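Inside the fold
Spelled out from the first residue to the last, the chains are:
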Amino acid sequence: MPDRRIKVAVIAGGGVYGVIPCSFLKCVDVSGVDVFGGTSIGGILSLHLAEFGDAGKLYEDFKSNIGSIFERSVMNRFNPFSPKYGAEGIESALQGIFKSTVEHCRGKFVVPALNFKNVSPVVFHNFDSEYWHMDLWKIARATSAAPMYFPPYSENILIDGGILENLPVITTAAMTCKHLGVLPRDLDVFAVGTGMVDQDTSRTNEEVSHYSRLDWAKNLFPILATGGNEMMSELWGGHMGFASFEYFNPVAIDGIMDNVGKIDSIEEKCDLYKGRFVNAWNRFISR
């Protein structure tokens, strides 16, 4: 049994909607968290919190870099066979933020990605020396290489970990238990989402029966990449036997993950829920 319960904070992926956890977390003290986990933008934010331990700096770095990350070049704008955005903007931003290696990261993190070369998960972490000599920015780049938005990273064709688990509650908890020698009942887990998309409940069985393969791909990809596995993580989190589990995700979004122009209006929505977030976070830390 550990001397105290382990605090685990997990952040979902969601592109520009990463402003939601940034807006909430800047209102609280994150120093009591033992392990940060996340994928995609949530992976970048988790690495940032593990490295700097400063949610105010997290918010400022997000706001000052998100525009250059989602900036399209002429080639990307007119080449239908290229990702929507190039690697230059995101890599420049990440290299400017993260200047150290895994070995020197101050806090613990769990950041999954997907090795598309052999179709297997890759879970970056700093519990042992497996990834110690890897640059933090490269992990951030790998976990955020969302298909269609950014090119894959490295010869292993690393892509967005959100394809497998957009809110990696189970992966983060499993790695924490394995490497710290604890059980789920020793963990307090707090998960922060990146918004809820209003679902189209008007579709009928007759309409769906006429879907083409393209229709199915178009409708299923957002569910597989974000909403579906966030839903499963919430379900699993509530039944895994954690000492406590809370999923905070009250903000409604439109699901367009790269529209930087939405950030200010999303922040205004976040203002409505900050009091609730602070109360929930304080309960999590004080348990």
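Residues numbered from 1 in each chain as written. Predicted model: local features only at pLDDT ≥ 70, side-chain atom pairs only at ≥ 80, totals over all residues. Heavy atoms only, no water.

**Some details on the overall build of the protein**
Quick reminder of the rule: A run of H or I in DSSP becomes a helix once it reaches four residues, and a run of E becomes a strand once it reaches two; helices and strands are each numbered from the N terminus. Two things to know: the radius of gyration comes from C-alpha atoms, and the globule rule equals 2.2 Å times the number of residues to the power 0.38. A simple rule labels every residue: compare its accessible area, found with a 1.4 Å probe on the protein chains alone, to the largest value its type can have, and call it buried under 20%, exposed over 50%, or partly exposed in between. What makes two residues a contact is simply this: any of their non-hydrogen atoms within 4.5 Å. All accessibility values rest on the Shrake-Rupley procedure with a 1.4 Å probe; residue burial counts only the protein chains present in the view.
Secondary structure assignment for the protein yields 12 helices and 9 strands. Expected size for 287 residues packed as a compact globule is a radius of gyration near 19 Å; at 18 Å, the protein falls within 12% of this value. Counting only C-alpha atoms, the protein reaches 55 × 45 × 40 Å along its principal axes. For the protein, the residues scored as buried account for 51% of the 287 residues in total. Within the protein, residue pairs in contact and separated by at least 24 positions form 77% of the contacts whose partners lie at least 6 positions apart. For the protein, the exposed surface amounts to about 13700 Å²; the carbon and sulfur share of it is 56%.

**Regarding a nonpolar patch on the surface**
Quick reminder of the rule: In this scheme, patches are assembled from residues that exceed 30% relative accessible area and form no salt bridge. Like charges are connected within 9 Å, while nonpolar side chains (Val, Leu, Ile, Met, Phe, Trp, Tyr) are connected within 5 Å. The term salt bridge refers to a pairing of a side-chain nitrogen on Lys or Arg with a carboxyl oxygen on Asp or Glu at a separation within 4 Å.
A contiguous nonpolar patch, built from Phe-116, Val-119 and Ile-157 and spanning about 280 Å² of accessible area, is present on the exposed surface. Its location among the elements puts Ile-157 in the loop between α6 (136–143) and β5 (158–160).

**Details of unusual backbone geometry**
Its identity is not glycine, yet Val-119 carries a phi of approximately 50°, on the positive side. For Val-119, the position within the fold is in the loop between β3 (108–115) and β4 (120–125). Residue class for Val-119 comes out exposed when judged on its relative accessible area of 60%. One non-glycine residue, Met-148, lies in positive phi territory at about 80°.

**Observations regarding the state of the cysteines**
Convention followed: Cysteine sulfur atoms are paired as a disulfide whenever they come within 2.5 Å of each other.
Summed over all chains, the structure comprises 0 disulfides. Cysteine Cys-105 is unpaired, with the sulfur of Cys-22 as its nearest cysteine sulfur at 16 Å. Judged by its relative accessible area of 9%, Cys-105 falls in the buried class.

**Focus: the pairing of strand β6 (residues 187–192)**
Stated precisely, the cut-off is as follows: At least two DSSP bridges between two strands are needed for those strands to be called paired.
In terms of burial, β6 is a largely internal element, 6 of the 6 residues being buried. Burial along β6 is two-sided: the face carrying Leu-187, Val-189 and Ala-191 and the face carrying Asp-188, Phe-190 and Val-192 are both buried. Across 6 bridges, the pairing between strand β1 (residues 6–11) and β6 is parallel. Residue Ala-9 lies in a different strand from β6, and its bridge partner there is Phe-190. Examined bridge by bridge, β6 and strand β8 (residues 244–248) share 5 bridges and lie parallel to one another. Residue pairing across strands places Phe-190 opposite Glu-246, the latter belonging to β8.

**Focus: the pairing of β3**
With respect to burial, β3 is a largely interior element, 7 of its 8 residues being buried. Relative to β3, strand β2 (residues 35–38) is paired through 3 bridges, and the arrangement is parallel. For Gly-37, the partnering residue across the bridge sits in β3 and is Val-110. The pairing of β3 with β4 spans 6 bridges and is classified as antiparallel. Residue pairing for β4: Leu-114 is matched across the bridge by Pro-121. With antiparallel pairing between neighbouring strands as the criterion, β3 and β4 make up a hairpin whose turn holds 4 residues, including Val-119 at a positive phi of roughly 50°. Inspection of the sheet shows β3 paired to β5 by 3 bridges, in the antiparallel sense.

**Focus: helix α5 (residues 87–97)**
Defined as follows: It is the directions from the helix axis to the C-beta atoms whose arc is reported.
Turning to α5, its buried residues number three or more, namely Ala-87, Ile-90, Glu-91, Ala-93, Leu-94 and Ile-97. Looking down the long axis of α5, one finds its buried residues gathered within 160° of arc, a one-sided arrangement. Turned more than 90 degrees off the buried face of α5, the exposed positions are Glu-88 and Ser-92. Next to the buried residues of α5 lie α2 (41–52), α3 (55–69) and α6.

**What about the nonpolar core?**
Operational definition: Grouping buried Ala, Val, Leu, Ile, Met, Phe, Trp, Tyr and Cys residues that are joined through side-chain atoms within 4.5 Å yields what is termed a nonpolar core.
Within the largest apolar cluster, 63 residues are counted, with the highest numbers of intra-cluster contacts made by Ile-20, Leu-25, Phe-98, Phe-109, Phe-124, Phe-277 and Trp-281. Contact partners of Phe-109, with chain neighbours within four places excluded, come to Phe-36, Leu-47, Ala-50, Val-102, Phe-124, His-125, Asn-126, Phe-127, Leu-136 and Ile-139. Within the second largest apolar cluster, 19 residues are counted, among which are Val-8, Val-110, Leu-187 and Val-189.

**What to know about the pattern of salt bridges**
Using the criterion set out here, one finds 12 salt bridges in the structure. For Asp-34, the salt bridge is made with Arg-4, and the minimal N-O distance between the two is 2.5 Å. Of this pair, Asp-34 sits in the loop between α1 (19–25) and β2 while Arg-4 sits in the segment before β1, and the two are 30 residues apart along the sequence. Ionic pairing is found between Glu-91 and Arg-141, a salt bridge with its closest N-O pair at 2.9 Å. Of this pair, Glu-91 sits in helix α5 while Arg-141 sits in helix α6, and the two are 50 residues apart along the sequence. On the accessibility criterion, Arg-141 (1% relative accessible area) is buried. Within this structure, Arg-5, Lys-7 and Asp-188 form a network of salt bridges that share partners.

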